[in-house]
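Structural description and commentary
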Amino acid sequence: MTPLFGVIGNPIEHSISPLIHQQFALQTGIALNYIKILGEEETFIKQLSLFFQQGQGLNVTLPFKEIAFHVAVTHTVRCRAAKAANCLWLTDGQLHADNTDGIGFIRDIQQHLDLGEKKILILGAGGAARGLIFPLLQKAPKAIAVYNRSTERLN
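First, a word on scope: everything that follows refers to the structure included in this document. (Residues numbered from 1 in each chain as written. Predicted model: local features only at pLDDT ≥ 70, side-chain atom pairs only at ≥ 80, totals over all residues. Heavy atoms only, no water.)

Points about the overall build of the protein
Selection rule: Here a helix means four or more residues in a row that DSSP labels H or I, a strand means two or more in a row labelled E, and each is numbered from the N terminus. Put simply, the radius of gyration uses C-alpha atoms, and a globule should come to 2.2 Å times the residue count raised to 0.38. Two residues qualify as a contact provided that any one of their heavy atoms is within 4.5 Å of a heavy atom in the partner residue. Only the protein chains shown count as cover for residues, and the accessible areas themselves come from Shrake-Rupley with a 1.4 Å probe. All tallies of charge rest on Lys and Arg as positive and Asp and Glu as negative; His and the ends of each chain are not included. A single reference atom marks each charge: NZ on Lys, CZ on Arg, CG on Asp, CD on Glu.
Helices and strands together make up the secondary structure of the protein, namely six helices and eight strands. Going from the N terminus to the C terminus, the protein shows its helices and strands as β-α-β-α-β-α-β-α-β-β-α-β-α-β. What you see for the protein is a C-alpha radius of gyration of 16 Å, in line with the 15 Å of a compact globule of 155 residues. Considering only contacts within the protein whose residues lie at least 6 apart along the sequence, 55% involve residues at least 24 apart. Carbon and sulfur atoms make up 56% of the accessible area of the protein, which totals about 9,500 Å². Looking at the protein, you have 14 positive and 12 negative side-chain charges, and the mean spots of the two groups are 7 Å apart.

Remarks on the packing of aromatic side chains
Selection criterion: Two aromatic rings from Phe, Tyr or Trp, using only the six-membered ring of Trp, form a pair when their centres are within 6.5 Å; if the ring planes differ by under 30 degrees the pair is stacked, by over 60 it is edge-to-face, and anything between is tilted. Partly exposed residues are those whose accessible area sits between 20% and 50% of the maximum for their type, while under 20% is buried and over 50% is exposed, using a 1.4 Å probe and protein chains only.
Tallied over the entire structure, the rule returns two aromatic pairs. Pairing F44 with F64 gives two aromatic rings, centres 4.4 Å apart and planes at 5°, and the pair type is stacked. With F44 in helix α2 (residues 44–51) and F64 in the loop between β3 (57–60) and α3 (65–71), this pair connects stretches of sequence that are 20 residues apart. With respect to burial, F44 and F64 carry one shared label: buried. Ring centres 5.1 Å apart and planes at 85° place the aromatic pair F51 and F52 in the edge-to-face group. With relative accessibility at 6%, the residue F51 sits in the buried group.

Structural notes on the sheet that holds strand β5 (residues 87–91)
Working definition: the strands of a sheet are paired by backbone hydrogen bonds and lie parallel or antiparallel to each other. Let me state the cut-off plainly: Two strands qualify as a pair provided that DSSP identifies no fewer than 2 bridges between them. Only the contacting stretch of a helix is used when fitting its axis, a line to C-alpha atoms as for every element, and angles between N-to-C directions run 0 to 180 degrees.
Within the open sheet, the six strands sit side by side as β2-β1-β3-β5-β6-β4. Their pairing is mixed. Each edge of the open sheet is held by one strand with a lone partner, namely β2 (33–38) and β4 (74–75). Alignment of β5 against strand β6 (residues 94–98), held across five bridges, turns out to be antiparallel. When the sheet's bridge partners are listed, L88 is paired in β6 with A97. Sitting on the sheet, helix α1 (residues 17–28) is in contact with β1 (4–9), β2 and β3, with an inclination near 170° to β2.

Considerations on α2
Convention followed: As used here, the arc belongs to the directions running from the helix axis to the C-beta atoms.
Looking only at α2, the buried set comprises F44, Q47, L48 and F51. When α2 is viewed along its axis, its buried side chains cluster within an angular range of 100° and face the same direction. Relative to its buried face, α2 has exposed residues pointing more than 90 degrees away, namely I45 and K46. Elements in contact with the buried residues of α2: β1, β2, β3, α3, β5 and β6.

Things to note about the side chain of K65
The cut-off we apply is this: Under the rule applied, a polar contact is a pair of N or O atoms within 3.5 Å (in protein, one hydrogen donor and one hydrogen acceptor; residues adjacent in sequence only if both atoms are side-chain atoms).
With respect to the helices, strands and loops of the structure, K65 is situated in helix α3. In this structure the side chain of K65 is engaged in a polar contact, spanning 2.8 Å, whose partner is the side chain of D101. In this view, K65 contacts V60, A84, A85, N86, D101, G127 and A128; residues no more than four positions away in its chain are not counted.

Thoughts on the layout of surface pockets
The condition is simple: Using protein atoms alone on a 1 Å grid, points that fit a 1.4 Å probe yet trap it form a cavity, whereas open point sets bounded by protein on both sides within 12 Å along at least five of seven lines form a pocket; residues with an atom within 4 Å of a point count as lining. Grid points are joined across faces, edges and corners, and a volume is the space filled by probe spheres set on the points. Classification used: nonpolar for Ala, Val, Leu, Ile, Met, Phe, Trp, Tyr, Cys and Pro, charged for Asp, Glu, Lys and Arg, polar for all others including Gly.
Volume-wise, the largest pocket comes out at about 380 Å³. Around the largest pocket, the lining is made up of 15 residues, and of these S17, N59, V60, N86 and D101 lie nearest the centre. Put simply, the parts of the chain that give the lining of the largest pocket at least two residues each are α1 and β3. Here the residues of the lining of the largest pocket are counted per class, giving five nonpolar, eight polar and two charged.

What follows is the structure, encoded as structure tokens:
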């Protein structure tokens, strides 16, 4: 049976994650099936449970990254720092979580820019922004400022 992976979010129609993952799988000779799942706030936890009856791993996008963090039992260091998860997988019956938003961003941007001693502005305070802060601090920028429409999410 071909391993099942997916991305869950709402909205999800715009996501090109299936295309990216299928292309990567073709290039590396890995067989996988990667699907989009329209998440529903009222049934999100049940949707996770149903997915992991067959699925191997799940990417999480808005607005579910913080809920995914709280549902998981085991977290990576960067996931704990962000209190938001964008990757979930099941091992030995336990849900594990990671946040790769920050390290992915930093790997891309460092090809063109040294982040040390830079002033960095982050617009928004959602799960992706929260995933950026811990990895950015490792690069010793001069300053990091986070701006958001409301102040509640800035703690």
